[in-house]
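Coordinate inspection notes
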Amino acid sequence: MSKIKIAELFYSIQGEGRYMGVPSVFLRTFGCNFKCAGFGMERGILSAEAEQLALVHEVTPFKRYEELPLVSTGCDSYASWHPSFKDLSPMLTTDAIVDRTMEILPFNEWRDEHLVITGGEPLLGWQRAYPDLLSHEKMKGLKEITFETNGTQELSKEFRHYLLDWTLNPRGTPGGKRGYEALTFSVSAKLPCSGEKWEDAIKPEVVCSYEEIGHTYLKFVVATEQDFADAECAIGAYRKAGFKGHVYLMPVGGVESVYALNNRRVAELAMKNGLRYSDRLQVPLFKNEWGT
Ligand code: SF4
């Protein structure tokens, strides 16, 4: 039986992208290839908030995710990848993950809820474990999955075949095939405002390879006109590689004060340029607390 290091497993409403408003189980895996310390900072300056909290954790350990402070700059899910917080993320068997999932679903079985596998970067190290999880007897009623990814990780040949089979396998939902639309890759590609390097973050061929097997869209986190100019440049690179999916703009803002500064302007930018706007409903609804 496979194991996955789980940062969080919770039930909430999807606040972003295609499934905004849909009740969802979130499986947040541990580990990421980025740090995204540039979010909310002036261009070229990196946030130290996650590092400062890591120092605090070493002296006076936080015991649970719910105790961790929210940050207003950098990655808002810092504890899901920062090595100092790995003690808060247990390595769980896929059986244990399924049992916990059934406990938190409102009817203790899959109905209309959707599964979000997020991170960290969920396609980084756990691709070998997901088939055990998704093929579990109690996961048969699951109709839709989203991988929330930064779009840099190729799918292994085996996992790609597995996912194709998952979408086509008539043993899935009552009534037959799940289909292409049941599998979503929500790609939050990182622009320079994240603090990550363009050549590491913008991988059009990888994203096009997701699009071959499931519904795939791009979601760019932006705050300024400069960020939008970067997004346009990135969109050009993805289109040139053959990407056909939708593009969303989403405001920077893991805390309400920052989100409220950006959301309207980003919505207007999206409208002006014929792009989709993604809110971050978890911020106004739940203050983006851990577990929401
Ligand atoms: S890719 Fe996502 S999880 Fe990883 S550091 Fe960036 S914002 Fe955080």
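Here the structure is shown first, and the text comes after it.
This one's a predicted model, so the numbers in the text were calculated from it and none came from an experiment.

Criteria and cut-off values
- Residues numbered from 1 in each chain as written.
- Predicted model: local features only at pLDDT ≥ 70, side-chain atom pairs only at ≥ 80, totals over all residues.
- Heavy atoms only, no water.
- Salt bridge = Lys/Arg side-chain N within 4 Å of Asp/Glu carboxyl O.
- Helix = DSSP H or I, 4+ residues; strand = E, 2+ residues; numbered from the N terminus.
- Buried < 20%, exposed > 50% of the residue type's maximum accessible area, 1.4 Å probe, protein only.
- Pairing = 2+ DSSP bridges.

Thoughts on the pattern of salt bridges
Taken as a whole and judged by the stated rule, the model has 14 salt bridges. Of the charged contacts, one joins D227 and R43 as a salt bridge, the two residues approaching to 2.7 Å between their closest N and O atoms. Of this pair, D227 sits in helix α7 (residues 225-240) while R43 sits in the loop between β2 (23-29) and α1 (49-59), placing them 184 residues apart in sequence. What makes D227 buried here is its relative accessible area of 3%. Given the relative accessible area of 43%, R43 is considered partly exposed. Residue E67 pairs with R64 through a salt bridge whose shortest N-O separation is 4.0 Å. A single salt-bridge network, built from bridges that share partners, covers R43, D227 and D230.

Quick notes on the pairing of β2
Counting buried residues in β2 gives six out of seven residues, a clear majority hidden from the surface. Examined bridge by bridge, strand β1 (residues 3-13) and β2 share seven bridges and lie antiparallel to one another. Among the inter-strand pairings, I13 is bridged to a residue of β2, identified as P23. Bridging between β2 and strand β4 (residues 114-118) involves five bridges; their strand directions are parallel. Residue pairing for β4: R28 is matched across the bridge by T118.

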